Amino acid sequence: MAMKGAHSQSSGDPKKRKFQNKKSSADDNLSPANKKRALKHERQSHRKHASSVQPAKELWNQLRVKTNDKETNIKLCAELHELLKGKCLEVAMQHDASRCVQGVLQYGNEQMRLEVVKELCGGDAKKDDDTKNQNVNLAELCKIQYAHFVVLKMIKYGSRNEECIKLIVKSLKKQMTKLAIHSVGARVVELLFGTFPPKSVAPLKLELYGPQYALFASVNTTGKDNSPTLPSLTEFVEDNPDKREPTLAHLQALLQKGLDKSLTGFGYFHSLLLDYASIASPEDIRSFLTPALAEHSLHLLSTRAGTKVVCECAAYGTVKDRKKMLKCLKGYTRSSLKHRDAYLAVLRMCDVMDDTVLVNKMLLGELHQNPDNEKNEDDDENKPSPILDLVLSDSGSKLFLLLLVAKEEMSSSDDDKATPRWHKLLDPYEVSALHQNPTVTENGEEVPTSKKESGTRRRELLVYLKELLVDVCTKHTEELMRSKSGSKVLIEVCENFASEELFQAIVDVCADDSEDEKALPLFEDPVGHLTMKHLFLSESKKSSDDDDLSLARMFYAKFEEELGSIATSNRGAFVLSSLLQTCVKDEAKKALKSHKKEITKLAKGGKDVKKLAGCKVLLEALK
């Protein structure tokens, strides 16, 4: 009875009675879907600014039509802006109305955008406590799933307006450490650092380094315009050694929070990781950074900074961590080698991993598979080499050069300071990323992170690629000789794996005309003639007997009767001048003796004869 009474009492609830009174006979005839739609509109009508939001959404639907002309968009946008004026902050936080504010920023003129930015940033507010609240509100917008799209549009379409940039940067000050590790706010930080000028966002970046840097970093006035600049984090730590540990602790805590939220795909986070690695000791990298990033290595390879971090982790990581990194790269060797930054990680793994069998299985094994498997499946002879695209690419060829050139081999130079020859095949940044013999301190002693000698690792890995390298140089000789990257690989393959078949292929290419009618003859090709020149110079440095295999002898035997015509071209003369430094110099001088008068004429030049620098060099070599 008590329950019955309770039920009768609840049925008399005024709220329920009020809801029931709203129902009409027309509502009873509605379908379930229409009832649900009507209930949705009923709820939306009670939201803040509902009277403005509904017509604003209708205007936005018209505004986003791609066939609209410019005048129509301006008219619609002006109406939309008028509806939302003074309400942008609240409307931007509504999931279904946020796009209306975005529409004003995207399609509006400079004045409309500036007014919206001022409203969202609190630019028109008085300088009191309300201003602080407004500044915080923009940071809060960055953290809301739908509202942060408004901030992204502000950054994208306000990047050319100095006033917009200043307002946005000012509003986000003292908020960066929170936004940088927020799963939604990180997207705003990424676009902000990538879009706005570096000088404008520099104060925001400084917040990520912690209070130590903000308080004690001294301003420099170096530069062309003597503008005030702050030192890099590395310079700051060098000038203030006592601030190193607090700065490291702050960065480590910040990075750990970012790693917990899987922010490894953002470029600014890669830069932050690199800043940490630049001031951290090898032991810090080994104990904190490498274990945390080992399984996220692939995400870091999208940027230059992230790739440098992976290289540092590979250099100082343990065997276990290196294997995890290797597994991440499995299946991505070819695409990484052709990427503008990621190739360095593959080079580093090959450079420091002691387990060369595992490196071959995880990384190099992929190179034996032709990327165009569907083509020429039955014709092995016409099938292109699986590494041709890599050898011809600037980044991919560096893997083969790194394995073909010994680290201890020094370049033959007239300078007092001889440098390793492999340094000349890479740029300074690559050399710094692949620094040799990394060590960590254990029990007060410096211990190398790799046990094998670098030469041993190189030779073991080269065994797996020897057949591929010889095959690509034999099958695609002309393509390699006319390519800057390919010619370097060809020269080193001839140096390491000289064979009669390979030398014969080179000589045949010099004799045959190119299939491409527009292509110059090889002796006149800007790259091809240099390839032949370096091949002869490389051979001239070796002491050879009469029975030894020689490219110069094979070349001379083929072109003995044509040396005179080759000598009359500028680039051809340079090739012959290098031939005169090989084992066939006496025979070549005799063959060119009858053409010396013509070579002298071309070397000196005249009224009707163009002076050729190559002939001048050749004439000196003939003396």
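Everything below is about the structure printed above this text.
First things first, this report covers the structure right here in the doc. These figures come from a predicted structure and were not determined experimentally. (Residues numbered from 1 in each chain as written. Predicted model: local features only at pLDDT ≥ 70, side-chain atom pairs only at ≥ 80, totals over all residues. Heavy atoms only, no water.)

Attention now moves to the packing of helix H39 (residues 596-604) against helix H40 (residues 613-622). Interhelical geometry of H39 versus H40 gives an angle of 135 degrees and a closest axis separation of 8 Å. In terms of their interaxial angle, H39 and H40 are classed as oblique. Seen along the crossing, H39 lies across H40 with a hand that is left-handed. Across the interface between the two elements, Lys-596, Ile-599, Thr-600, Leu-602 and Ala-603 of H39 pack against Cys-615, Lys-616, Leu-618, Leu-619 and Leu-622 of H40. Residues that form the contact of H39 with H40 fall into these classes: 7 nonpolar, 1 polar and 2 charged. (Axes fitted to C-alpha atoms, helices over the stretch in contact; angles between N-to-C directions. Helix = DSSP H or I, 4+ residues; strand = E, 2+ residues; numbered from the N terminus. Parallel < 35°, antiparallel > 145°, perpendicular 65-115°, else oblique. Left-handed = near helix turned anticlockwise from the far one by under 90°. Contact = heavy atoms within 4.5 Å. Nonpolar A, V, L, I, M, F, W, Y, C, P; charged D, E, K, R; others polar.)

Side chains that are nonpolar tend, in soluble globular proteins, to be buried together. With 176 residues, the main nonpolar core has Leu-192, Leu-289, Leu-367, Phe-400, Met-532 and Phe-555 as its most contacted residues. Top contributing element to this core by residue count: helix H25 (residues 343-352), with 8 residues. In this structure Met-532 touches Met-481, Ile-506, Cys-510, Leu-522, Phe-555 and Val-575, once residues within four positions along its chain are discounted. (Core = buried A, V, L, I, M, F, W, Y, C linked by side-chain atoms within 4.5 Å. Buried < 20%, exposed > 50% of the residue type's maximum accessible area, 1.4 Å probe, protein only.)

Glancing now at the pattern of salt bridges. The final tally for this structure, using the stated rule, is 24 salt bridges. The salt bridge involving Arg-113 is made with Glu-110; its shortest N-O contact spans 3.3 Å. Highlighted residues: Arg-113 and Glu-110, both in helix H9 (residues 110-121), separated by 3 residues, approximately one helical turn. As a salt-bridge pair, Asp-354 and Arg-457 come within 3.4 Å of each other at their nearest N and O atoms. A residue pair is termed long-range when its members are at least 10 positions apart, and Asp-354 in the loop between H25 and helix H26 (356-362) and Arg-457 in helix H30 (residues 454-475) qualify at 103 residues. Connected through shared salt-bridge partners, Arg-244, Glu-245 and Asp-284 make up one network. (Salt bridge = Lys/Arg side-chain N within 4 Å of Asp/Glu carboxyl O.)

According to the relative accessible area criterion, Arg-457 is buried, its value standing at 6%. Within the structure, Arg-457 has its side chain in polar contact with the side chain of Asp-354 (distance 3.4 Å). (Polar contact = N/O pair within 3.5 Å; in protein donor to acceptor, adjacent residues only side chain to side chain.)

To continue, consider the pairing of strand S1 (residues 439-442). Taken together, the 4 bridges between S1 and strand S2 (residues 445-448) define a ladder with antiparallel strand orientation. Bridge assignment links Glu-442 to a residue of S2, and that residue is Glu-445. Connecting S1 to the next strand, S2, in antiparallel fashion are 2 residues, including Asn-443 with a positive phi near 55 degrees. (Pairing = 2+ DSSP bridges.)

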